Structures are given as C-alpha cells and as structure tokens.
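Observations on the model geometry
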Amino acid sequence: MPHIRRCVGSLRAQTDASIQLIVQDGGSTDGTVEWLRGQQGIDLQTGPDEGMYDAINKAWARTDGDVLAWLNADEQYLPGTLARVRRVLEAQPDVDVVFGDTIIVDSEGSPVAARREIPLRRIYVANGFLYALSCTMFFRRRLLEAGLLVFD
C-alpha cells in the first residue's frame, strides 16, 4: 500500500494543474480501498474487472478532462509534470500524444536509472514490450471520443 500513497501524493503535488483523480480498483484486500475512501477528492470505484486495460477503459469513461493519462499504483509524477504537459499541448494544438523521459526507482523510491524516450515508431510500438512507458504518456480527449483510445 505505500505505493498508492506515493502515487496519490505525487498527483496532489501537481499544484500548477487541475486534475480529476479517478481510481479504478479491481478489489484490493490490503487496506488500499479503505485508505482511498478516507481521501478527499478521489473518485473511487472498486470491484471486479477484466484486467488492467478494462480498468483503464472504465476509469476513462468517467472522465471529463481534455487530457487523459494513467498511473499505475507504483508510479509517480515529478512536481511540475502536468503543468509542463499543459504548456506543450497549449503550444501545439495539433499534437494528440505527449510523452517524455522516466526515472526508474526502487521499492524505497530511490532512483536507479533514467530512461530517455526516443520518438515513437509504429513498428516498435506494435512489436516492442514497454517501448513507450505509459506513465509518461498523455492523450487528448479527442482520441477517446474518436474511439482511438480504447484498450482491448
């Protein structure tokens, strides 16, 4: 459960951005649901799902923001991440996906590696596991509305 606390904390630290914090939980039994229910400003839904991607689809169906992203419970944003994403998207209205670099940390939160993203290539995304790390990706809502951002 310490992972979800750090994840939520990293979202709350995004002081330069307005966020809708949605948690789709598959039925955790480790105290996560109880902790989340005690937190203000979290839209929590818990119960069985068909796996991670079904959970993301369900959560995104409840959103109303212009930009969508997701973090797994063991992922975090650095301070200022969402403000930076907002500035990039405002400056480039034709861009639908923004992604960036990643710092990989150990179970204690200490950095162990840095990963610089390289430009997305269709062949690599289609055939490479973890080519683009999801925690660095942000999508415009119009992709969801066009049916292009639904996981199968």
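What this report covers is the structure whose coordinates are included nearby. (Residues numbered from 1 in each chain as written. Predicted model: local features only at pLDDT ≥ 70, side-chain atom pairs only at ≥ 80, totals over all residues. Heavy atoms only, no water.)

Remarks on the pairing of strand β1 (residues 21-25)
For the record, the criterion: Note on classification: 1.4 Å probe, protein chains only; a residue is buried when its accessible area is under 20% of the maximum for its type, exposed when over 50%, partly exposed between these limits. The helix count covers DSSP runs of H or I at least four residues long, the strand count covers runs of E at least two residues long, and both are numbered beginning at the N terminus. Classification remark: right-handed applies to a crossover when, strands pointing away from the viewer, the course from the first strand over the helix to the second runs clockwise.
Burial within β1 is extensive, with 5 of its 5 residues counted as buried. On β1, burial covers both faces: L21, V23 and D25 on one face and I22 and Q24 on the other are all buried. As for the winding sense of the linkage, the β-α-β connection from β1 through helix α2 (residues 32-37) to strand β2 (residues 42-46) is right-handed.

Re the sheet that holds strand β7 (residues 138-140)
Inclusion rule: Note: two strands are recorded as paired if DSSP finds a minimum of 2 bridges between them.
Taken in spatial order, the 3 strands line up as β3-β7-β4 in an open sheet, and their pairing is antiparallel. Among the strands making up the open sheet, the edge pair consists of β3 (67-68) and β4 (97-98). With 2 bridges joining them, β4 and β7 adopt antiparallel strand pairing. Of the residues in β7, the one forming a bridge with V97 is F139.

With respect to the packing of aromatic side chains
Put simply, the rule is: Centre distance within 6.5 Å is the pairing criterion for rings of Phe, Tyr and Trp, where only the six-membered ring of Trp is used; planes under 30 degrees apart are then read as stacked, over 60 as edge-to-face, and the remainder as tilted.
Within this structure, the stated rule accounts for 6 aromatic pairs. With a centroid separation of 5.2 Å and an interplanar angle of 40 degrees, the aromatic rings of Y53 and F151 are classed as tilted. Remark: F151 occurs in the segment after α6 (141-145) and Y53 occurs in helix α3 (residues 52-61); sequence separation between them is 98 residues. F151 sits in the partly exposed class, given a relative accessible area of 26%. Taken together, a centroid distance of 5.7 Å and an interplanar angle of 40 degrees make the contact between W60 and F151 tilted. Taken together, the positions of W60 in helix α3 and F151 in the segment after α6 put the pair 91 residues apart, joining distant regions of the chain. Each member of the aromatic cluster is reached from another via a ring pair, and the members are Y53, W60, W70, F139 and F151.

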